[in-house]
2 protein chains.
Amino acid sequence: MRILITNDDGVTSVGLLTLAEIFSKRHDVLVVAPESEQSATGHAITVRMPIWVKRVKVFEHIPVYATTGTPADCVKLGVEVIGEKNIDLVVSGINFGYNLGTDIVYSGTVSGAIEGALLGIPSLALSAPANEDFDYKTAAEFSLRFIEEFDLSLIEKFTALNLNFPPGQIKGWKVTRQSARRYADRFEARVDPLGNTYYWMYGDVIEDDERSDCDYIVVKQGYVSVTPITVFMTNERLLNRLREAAKREEDKIARRSCAQEEG
Amino acid sequence: MRILITNDDGVTSVGLLTLAEIFSKRHDVLVVAPESEQSATGHAITVRMPIWVKRVKVFEHIPVYATTGTPADCVKLGVEVIGEKNIDLVVSGINFGYNLGTDIVYSGTVSGAIEGALLGIPSLALSAPANEDFDYKTAAEFSLRFIEEFDLSLIEKFTALNLNFPPGQIKGWKVTRQSARRYADRFEARVDPLGNTYYWMYGDVIEDDERSDCDYIVVKQGYVSVTPITVFMTNERLLNRLREAAKREEDKIARRSCAQEEG
């Protein structure tokens with residue numbers, strides 16, 4: 001396969017370089033990644049500013065491009081320009097730090113995979129615990145087997161797979177749903193030497209989603225969590241409830257609008 | 001109600017200021033917004049850097065704070081610190097430019113509302129056409145009536161409403177689903193005076209989603225589109241299909257992993 005690899009930790013990240021090296025044993029790999037760290041960039045794209053791209057010599061046998069853009073920018077450029085619209089699979093990662101539960105909405109790593117999905121290409125996000133001793137080589141080897149053995153044609157349009165690795169030995173993988181894992185925010189106010197107030201923001205994780213098929217729960221059990229995620233965020237159940245409410249309310253508001261314009 | 005208003009166009013944007021002024025006629029308004037434009041920031045948060053906050057005098061009667069953060073940062077700070085955890089409604093906008101279809105995944109405006117939803121507060125994103133002549137006053141008056149007449153308790157946890165205004169006269173509002181409206185990317189390569197290659201990225205809109213209840217279709221018909229959107233992005237249908245596939249494949253991969261470790 002022709003595989004585009006990106007990430008949000010930057011082009012020098014060990015997770016990305018290990019993945020590129022191991023995938024390149026059996027596949028045609030292209031790396032397009034941010035030149036510097038872009039964590040918690042969300043699904044940003046660069047608008048009103050151009051994006052610089054330069055080839056960097058990291059490997060003899062793998063083309064690696066560093067850009068001033070976000071992970072989503074890198075995927076757009078990697079698929080449509082540098083990869084000449086000839087990419088079979090987009091892989092984003094391996095990220096230093098999980099993307100579980102509501103992390104997904106903030107994640108640059110996941111946004112790389114979502115961008116691949118928007119371009120109609122099977123796409124994976126790969127994330128590992130934020131642990132300096134994490135064994136990226138084993139995770140990359142697992143990923144290589146996964147992309148070869150998993151039927152990638154099952155992945156629907158506008159959908160990507162979000163994978164998270166357990167900290168220790170991998171027992172296997174399980175299909176999961178995105179959990180409600182989230183954070184209780186904490187803020188620390190300080191005053192800078194010029195007298196201006198600034199805040200450090202951090203958070204304590206809340207893990208109260210007890211459904212056994214949740215992403216973080218299977219990771220704790222030693223499995224790779226595989227969550228199919230879509231770009232379509234419509235809450236279908238609420239959509240139906242609101243349709244009922246709307247029948248009553250929209251008429252009321254519309255009548256008032258008309259009355260005001262006439263009056 | 002105590003209403004927190006943010007946006008991604010920055011604290012001086014006419015859409016935000018018009019909204020704050022009109023809401024303040026009948027509600028207690030607090031504005032916390034980026035000091036400069038943050039368009040297409042996606043759902044970014046600021047990590048590893050603090051956020052500066054300063055009060056700016058825009059109105060006599062409405063507290064307005066400008067921050068160095070993203071819209072999501074502004075909502076966290078606005079709800080939990082400046083608003084002292086006493087906010088009834090988060091409103092993000094009125095954005096200069098639509099947030100329809102796949103725009104949602106890139107949108108700073110929508111991320112403000114999603115962040116409110118993550119904090120458990122009813123939240124709305126408001127977006128208008130990118131038209132200098134757009135009548136923000138009428139849209140803000142519509143929004144005021146909407147928040148007062150709509151039963152906000154219907155909005156489920158982890159869900160926000162994404163509103164888009166039509167360009168001309170408002171006929172009313174309709175509950176919609178997020179469409180597959182998206183862009184065909186275009187790139188223009190240039191070389192800077194130092195010899196480095198850079199790319200301008202832009203796109204042509206693709207509107208081929210013909211479902212009559214789609215966001216962009218009702219906007220074209222003159223209605224305000226109201227889409228309930230969730231932070232939970234699991235593709236449930238694919239989840240079920242993958243479970244079937246997983247039963248076969250995970251055993252295969254797990255067996256190989258074990259075999260390798262033993263061998």
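What you see as residue numbers is a count from 1 along each chain, following the sequence as written. Naming scheme: in the order in which they are written, chains are lettered from A and ligands are numbered from 1. In view of the model being predicted, local features appear only for residues whose pLDDT reaches at least 70, and side-chain atom pairs are presented and counted only at 80 or more, with totals across whole chains, interfaces and linings using the full set of residues. Side-chain numbers come from the whole structure's heavy atoms, not from hydrogens or water.

**Description of the interface of chain B and chain A**
Contact definition: two residues touch when any of their heavy atoms are within 4.5 Å. Contact with chain B, which involves 90 residues of that partner, is made by 90 residues of chain A. Any carboxyl oxygen of Asp or Glu that lies within 4 Å of a side-chain nitrogen of Lys or Arg is treated as forming a salt bridge with it. Taken together, the links from chain B to chain A amount to 8 salt bridges. Think of a polar contact as two N or O atoms within 3.5 Å of one another; within protein, one of them needs to be a possible hydrogen donor and the other a possible acceptor, and neighboring residues in sequence only count if both atoms come from side chains. For the pair chain B and chain A, the number of links is 31 residue pairs in polar contact (both at pLDDT 80 or more). No other element matches the 18 residues that helix H7 (residues 236-262) of chain B contributes to the side of chain B that touches chain A. Partitioning the side of chain B that touches chain A into residue classes produces 44 nonpolar, 20 polar and 26 charged. Helix and strand definitions follow DSSP, with helices as H or I runs of at least four residues and strands as E runs of at least two, each counted in order from the N terminus. When residue character is reported, Ala, Val, Leu, Ile, Met, Phe, Trp, Tyr, Cys and Pro are called nonpolar, Asp, Glu, Lys and Arg charged, and the others, Gly included, polar.

**Observations regarding the sheet that holds strand S8 (residues 173-175) of chain A**
One open sheet holds the 11 strands; their spatial order is S8(A)-S11(A)-S7(A)-S6(A)-S5(A)-S1(A)-S2(A)-S4(A)-S3(A)-S10(B)-S9(B), and the pairing between them is mixed. Since the sheet does not close on itself, it has two edges, and those belong to S8 of chain A together with strand S9 (182-191) of chain B, each with one partner. Between one strand and the next, the sheet's axes are offset by a mean angle of 25°, whatever the strand orientation. For S9 of chain B and strand S10 (residues 197-206) of chain B, the ladder comprises 10 bridges, and the chain directions are antiparallel. In the strand pairing of S10 of chain B, Val-191 of chain B is matched with Thr-197 of chain B. For helices, the axis comes from a line fit to the C-alpha atoms of the stretch in contact; other axes are also lines fit to C-alpha atoms, and the angle between any two N-to-C directions lies between 0 and 180 degrees. Running over the sheet, helix H2 (residues 71-82) of chain A touches strand S1 (2-6), strand S2 (28-34), strand S3 (51-56), strand S4 (64-67) and strand S5 (89-96) of chain A together with S9 and S10 of chain B and is turned about 140° from S2 of chain A. Should DSSP find at least two bridges between two strands, the strands are taken to pair.

**Quick look at the nonpolar core**
Judged by nonpolar contacts, the single largest core of 67 residues is most densely connected at Leu-4 of chain A together with Leu-4 of chain B. Other than its neighbours up to four places away in sequence, Leu-4 of chain A contacts Leu-30, Val-32, Cys-74, Val-75, Gly-78, Val-79, Ile-87, Leu-89, Val-90 and Val-91 of chain A. Of all hydrophobic cores here, the second largest spans 48 residues; its members include Leu-239 of chain A together with Ala-128, Phe-146 and Phe-150 of chain B. In this text, buried Ala, Val, Leu, Ile, Met, Phe, Trp, Tyr and Cys residues form a nonpolar core when linked through side-chain atoms within 4.5 Å. The rule is simple: take the accessible area with a 1.4 Å probe, protein chains only, and divide by the maximum for that residue type; under 20% is buried, over 50% is exposed, in between is partly exposed.

**Points about the relation of the copies chain B and chain A**
Residues below a pLDDT of 70 in either copy are left out; the C-alpha atoms of the rest, at least 70 in both, set the least-squares superposition of the copies. Of the transformation placing chain B onto chain A, the axial shift is 0.0 Å and the rotation is 180°, giving an RMSD of 0.0 Å. The transformation relating the two chain copies, once decomposed into turn and shift, fits a two-fold axis. Across chain B, the rotation axis passes nearest the C-alpha of Gly-42 of chain B, at a separation of 2.5 Å. Here 100% of the contact residues of chain B are again contact residues in chain A; the copies associate through an equivalent surface.

**Here's the deal with the packing of H2 of chain A against helix H3 (residues 108-118) of chain A**
All names here are of chain A. At a closest axis distance of 8 Å, the pairing of H2 and H3 adopts a crossing angle of 30°. By the angle class used here, H2 and H3 are roughly parallel. The way H2 lies across H3 gives a crossing that is right-handed. For the pair formed by H2 and H3, the contact residues are Pro-71, Ala-72, Val-75 and Lys-76 on the first element and Gly-108, Ser-111, Gly-112, Glu-115 and Gly-116 on the second. Taken together, the residues of the contact of H2 with H3 sort by class into 3 nonpolar, 4 polar and 2 charged. Comment on the angle field: the value is read as roughly parallel under 35 degrees, roughly antiparallel over 145, roughly perpendicular from 65 to 115, and oblique elsewhere. Rotating anticlockwise by less than a right angle from the far helix to the near helix defines a left-handed crossing, while the corresponding clockwise rotation defines a right-handed one.

**Some words on the domain arrangement of chain A**
The domains assigned to chain A are domain 1 (2-179 + 210-232) and domain 2 (235-263). For every domain, the bounds stem from an assignment made automatically or drawn from a database. Computed over C-alpha atoms, the centres of domain 1 of chain A and domain 2 of chain A are 42 Å apart.

**Focus on the side chain of Asp-213 of chain A**
Summarising the element assignment, Asp-213 of chain A is placed in the loop between strand S10 (197-206) and helix H5 (215-220). Taking the relative accessible area as the measure of exposure, Asp-213 of chain A reaches 18% and is therefore buried. Apart from residues no more than four positions distant in its own chain, Asp-213 of chain A is found in contact with Thr-176 and Arg-177 of chain A together with Arg-243 of chain B.

**A look at the packing of helix H1 (residues 14-23) of chain B against helix H5 (residues 136-149) of chain B**
All names here are of chain B. Where H1 contacts H5, the two axes come as close as 9 Å, and the packing angle between them is 45°. It follows that H1 is oblique to H5 by the angle criterion. Judged by the sense of rotation from one axis to the other, the crossing of H1 with H5 is right-handed. Listed contacts from H5 to Val-14, Gly-15, Thr-18, Leu-19, Ile-22 and Phe-23 of H1 are Tyr-136, Lys-137, Ala-140, Glu-141, Ser-143, Leu-144 and Ile-147. The residue makeup of the contact of H1 with H5, split by class, is 8 nonpolar, 3 polar and 2 charged.

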